[in-house]
Amino acid sequence: MTDNSRPARPVVLGQNQYGKAENRVVRITRDGGTHHIKDLNVSVALSGDMEEVHYSGSNANVLPTDTTKNTVYAFAKEHGIESAEQFGIHLARHFVTSQESIRTARIRIEEYAWERIAVPDAGSGPAGAGEARHSFVRKGQETRVTQITFDGETWEVVSGLKDLVVLNSTNSEFWGFVKDKYTTLPEAYDRILATQVAARWRFNWSGDEQRTPDWEKSYDQVRKHLLQAFAETYSLSLQQTLYQMGTRIIDNRSEIDEVRFSLPNKHHFLVDLTPFGLENDNEIYYAADRPYGLIEATVLRDGCEPRIPVDLTNL
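Residues numbered from 1 in each chain as written. Predicted model: local features only at pLDDT ≥ 70, side-chain atom pairs only at ≥ 80, totals over all residues. Heavy atoms only, no water.

> How would you summarise the pattern of salt bridges if you had to cite specific residues and measurements?
Per the counting criterion, the structure on display carries 17 salt bridges. The closest approach of N and O atoms between Lys38 and Glu216, which form a salt bridge, is 2.7 Å. Pair noted here: Lys38 is in strand S2 (residues 34-48) and Glu216 is in helix H4 (residues 215-232), with a separation of 178 residues, a long-range link. Classification of Lys38 by relative accessible area gives buried; the value is 15%. Judged by its relative accessible area of 25%, Glu216 falls in the partly exposed class. (Salt bridge = Lys/Arg side-chain N within 4 Å of Asp/Glu carboxyl O. Helix = DSSP H or I, 4+ residues; strand = E, 2+ residues; numbered from the N terminus. Buried < 20%, exposed > 50% of the residue type's maximum accessible area, 1.4 Å probe, protein only.)

> Give a description of the side chain of Lys38 that names residues and reports values.
Looking at Lys38, its side chain comes within polar contact range of the side chain of Glu111, at 3.0 Å. With residues near it in sequence (within four places) discarded, Lys38 still touches Val25, Val26, Arg27, Ile81, Glu82, Ser83, Glu111 and Glu216. (Polar contact = N/O pair within 3.5 Å; in protein donor to acceptor, adjacent residues only side chain to side chain. Contact = heavy atoms within 4.5 Å.)

> Go over the nonpolar core with me, naming the residues and quoting the values.
Proteins that are soluble and globular tend to have nonpolar side chains buried together. Counting 53 residues, the largest nonpolar core has Val42, Phe87, Ile107, Val197, Trp201 and Phe261 as the members making the most contacts within it. Looking at which element gives the most residues to this core, the answer is helix H3 (residues 84-98), with seven residues. (Core = buried A, V, L, I, M, F, W, Y, C linked by side-chain atoms within 4.5 Å.)

> Describe the sheet that holds strand S8 (residues 193-203), and please don't skip the residues or the numbers.
A sheet is described by the order of its strands in space; here eight strands give the open sequence S1-S2-S3-S6-S7-S8-S9-S12, paired in antiparallel fashion. Each end of this open sheet is capped by a strand with a single partner; those strands are strand S1 (23-31) and strand S12 (294-300). Within the sheet, the average angular offset between the axes of one strand and its neighbour, ignoring direction, is 20°. In this structure, strand S3 (residues 102-112) lies alongside strand S6 (residues 143-150), joined through seven bridges in antiparallel fashion. Bridging across to S6, Ile107 finds its partner in Ile148. (Pairing = 2+ DSSP bridges. Axes fitted to C-alpha atoms, helices over the stretch in contact; angles between N-to-C directions.)

> Break down H3 for me, with residues and values.
Here H3 is 15 residues long and its end C-alpha atoms lie 21 Å apart, about the 21 Å a rise of 1.5 Å per residue gives. When we look at burial in H3, the residues that qualify are Ala84, Glu85, Gln86, Phe87, Gly88, Ile89, Leu91, Ala92, Phe95 and Val96. Residues of H3 that are buried sit in contact with S2, helix H2 (65-78), S3, S6, strand S7 (155-168) and H4. (Expected span 1.5 Å × (residues − 1).)

> Before we move on, could you go through the pairing of S6 and cite the residues and values that matter?
Among the eight residues of S6, seven are classified as buried, and the element is accordingly described as predominantly covered. Where S6 meets S7, eight bridges bridge the pair, whose relative direction is antiparallel. Looking across to S7, one finds that Thr149 is bridged to Glu156. The turn linking S6 back onto S7 is made up of four residues, and Gly152 within it adopts a positive phi angle of 95°.

> So, the packing of H4 against helix H5 (residues 238-252): which residues are in play, and what are the values?
Close contact between H4 and H5 brings their axes to 8 Å; oriented N to C, the two are set at 140°. Judged by the angle between their axes, H4 and H5 are oblique. For the pair H4 and H5, the crossing hand works out as right-handed. On H5, the residues touching Val222, His225, Leu226, Gln228, Ala229, Phe230 and Glu232 of H4 are Thr241, Gln244, Met245, Arg248, Ile249 and Asn252. Of the residues belonging to the contact of H4 with H5, the class tally is six nonpolar, five polar and two charged. (Parallel < 35°, antiparallel > 145°, perpendicular 65-115°, else oblique. Left-handed = near helix turned anticlockwise from the far one by under 90°. Nonpolar A, V, L, I, M, F, W, Y, C, P; charged D, E, K, R; others polar.)

Shown next, in the form of structure tokens:
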């Protein structure tokens, strides 16, 4: 007798996952008259014993995606949002330990930062002199991201940022490169170096038996070292700057073993003003948005294996 619940042809189910993507949750913490805000975009992906729902449509092992959405909001109330990483750890642990059919949970979070609005008569309350205690403006510098993966035994936390635009108006050169019959780019001995940083860093924290990093401090410090390295490196190539950024992070943050960067070169070309009888002494540039050079690399602590996906669009 043939089991009609299985495909008759020799086809097998490969990797699969499901969940509720992009759950926007905003948590307001009221400390008297002073308020604090956490603004997250949370995506949940679950995998495990899900063959039957694909083969026969049986939902016996399926936790509805609507339930995962509700869990995000309930956990924001029950656990608060100390950090994006800690919130993701709470969620991943819950899904794997509460559902027998779920073997692995992957939580991806984007965090949108807010800062207090400066006002002249805010007083000197807990929010600080000159800062409104309940009024905020969205920061536009970058988006913080994290991915937490838990399979019931092993944790992996990869955090980072995207859309952080930085620029050095000097202290950058590009010359001595290979030239062939198609090369038209002139050598540059003083140029603008600009990029839009996408970075991911992997923590060496792998479970509760280890001391948990201070996720908030770690992010702030990584961002600081990244920016300082960009500013302080006299750059002969964007690759050199990338390596210095990664090195500064690895050298100063013991909780991180691996950093991966994707750096589009935001080209700035000198405008030819000679048709107008004007000299352009490295003053007027055309900012080109495409095409652009794309520089990508991983920087590792010696002895560590790379685990962050090469294609950052997978995160």
